[in-house]
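# Overview (structure and organization)
In case you want the letters, here they are:
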Amino acid sequence: LSTDNSYEKLKNYYQGSDIISVVDAGKNAGYSAGNNIGIKLALNDGADAVLLSNSDVIYYEKAIDLMYDKLINSEEKIQIIGPQIRLENGELQDFVRKNYNMTNYIFTKKPFRYFDFFGINKRTYYKKYDYSEDLVFQGILSGCCLLIGKTYFQKSGYLDENVFLYFEESIIGMNAQKDNLLTCLVVNAVVLHKVSVSVGQKNSAFSRYHRSFSSLYMFKKYLKVSKIKFFILCFDNSLKSI
């Protein structure tokens, strides 16, 4: 909940606008809950797609148009669209991966990912993908910028509000796979991502807590891991918090 009167300032600034609506959420219930307010309003107004975007993303020319064109001109089961993401140093944010399972979650995280045990890292992330053409796959892209079609929400539901922050895109990817929907990376759509600006430092106590909670919740609800596997995940997360 804003304590600096930003709602009143924004409401007054955009008063009379026919393209921008300023909504008072009432409280800060997290990323998913906040986005759901906008998603429901957009779909009720007849939108056929919703753009989920972090505040630290800058869009290159026609990036949104290219993603939207891909969505409406593709087969209906392609419902999650993402751009090529560049970092401030000019490097590519290489985040194109398959959905999580117990094995690739543990072995593509620190410290295991540095050694690429059993080749899991290379099999989970599309390391050989050269960004020369659009890629359609079952999996997920970076949650900093996703264009999602209305069919996804109709089939898979809205964002899970039990997750305050982190792993939202992973849950979206799992739900899409369950409902036989696909993800597409549009290489000509380019954005700049100023990493961690929107949520602060990723190693803060706030970030570590929500990253741990959300990952455990995801595995318990969506992958329905056994008690033994859940204990292993708890232990693995505890090591990352030290």
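Check the entry above for the structure.
Residues numbered from 1 in each chain as written. Predicted model: local features only at pLDDT ≥ 70, side-chain atom pairs only at ≥ 80, totals over all residues. Heavy atoms only, no water.

## Overview of the pattern of salt bridges
Our working rule: A pairing counts as a salt bridge when a side-chain nitrogen of Lys or Arg comes within 4 Å of a carboxyl oxygen of Asp or Glu. Strands are runs of DSSP state E lasting at least two residues, helices are runs of H or I lasting at least four, and both sets are numbered from the N terminus onward. Any residue under 20% of the maximum accessible area for its type is buried, any over 50% is exposed, and the rest in between are partly exposed; the area is computed with a 1.4 Å probe on protein chains only.
Within this structure, the stated rule accounts for 3 salt bridges. Between aspartate 134 and lysine 70 there is a salt bridge whose closest N-O contact spans 3.2 Å. Placement of aspartate 134 in the loop between helix H5 (120-124) and strand S5 (135-137) and of lysine 70 in helix H3 (residues 63-72) is noted, with a sequence separation of 64 residues between them. Judged by its relative accessible area of 28%, aspartate 134 is partly exposed. For lysine 70, a relative accessible area of 24% corresponds to the partly exposed category. With its nearest N and O atoms 3.5 Å apart, the salt bridge here joins aspartate 160 to lysine 221. Of this pair, aspartate 160 sits in the loop between helix H6 (150-156) and helix H7 (168-178) while lysine 221 sits in helix H8 (residues 205-221), placing them 61 residues apart in sequence. Look at aspartate 160 and you get buried, because its relative accessible area is 11%. A residue is classified by how much of its surface remains accessible, and lysine 221, at 39% relative accessible area, is partly exposed.

## Describing unusual backbone geometry
A positive phi angle is found at aspartate 116, which is not glycine, with a value near 50 degrees. Position of aspartate 116 relative to the elements: it lies in the loop between helix H4 (102-107) and H5. Even without glycine at this site, tyrosine 166 takes up a positive phi of about 80 degrees. Structurally, tyrosine 166 can be placed in the loop between H6 and H7.

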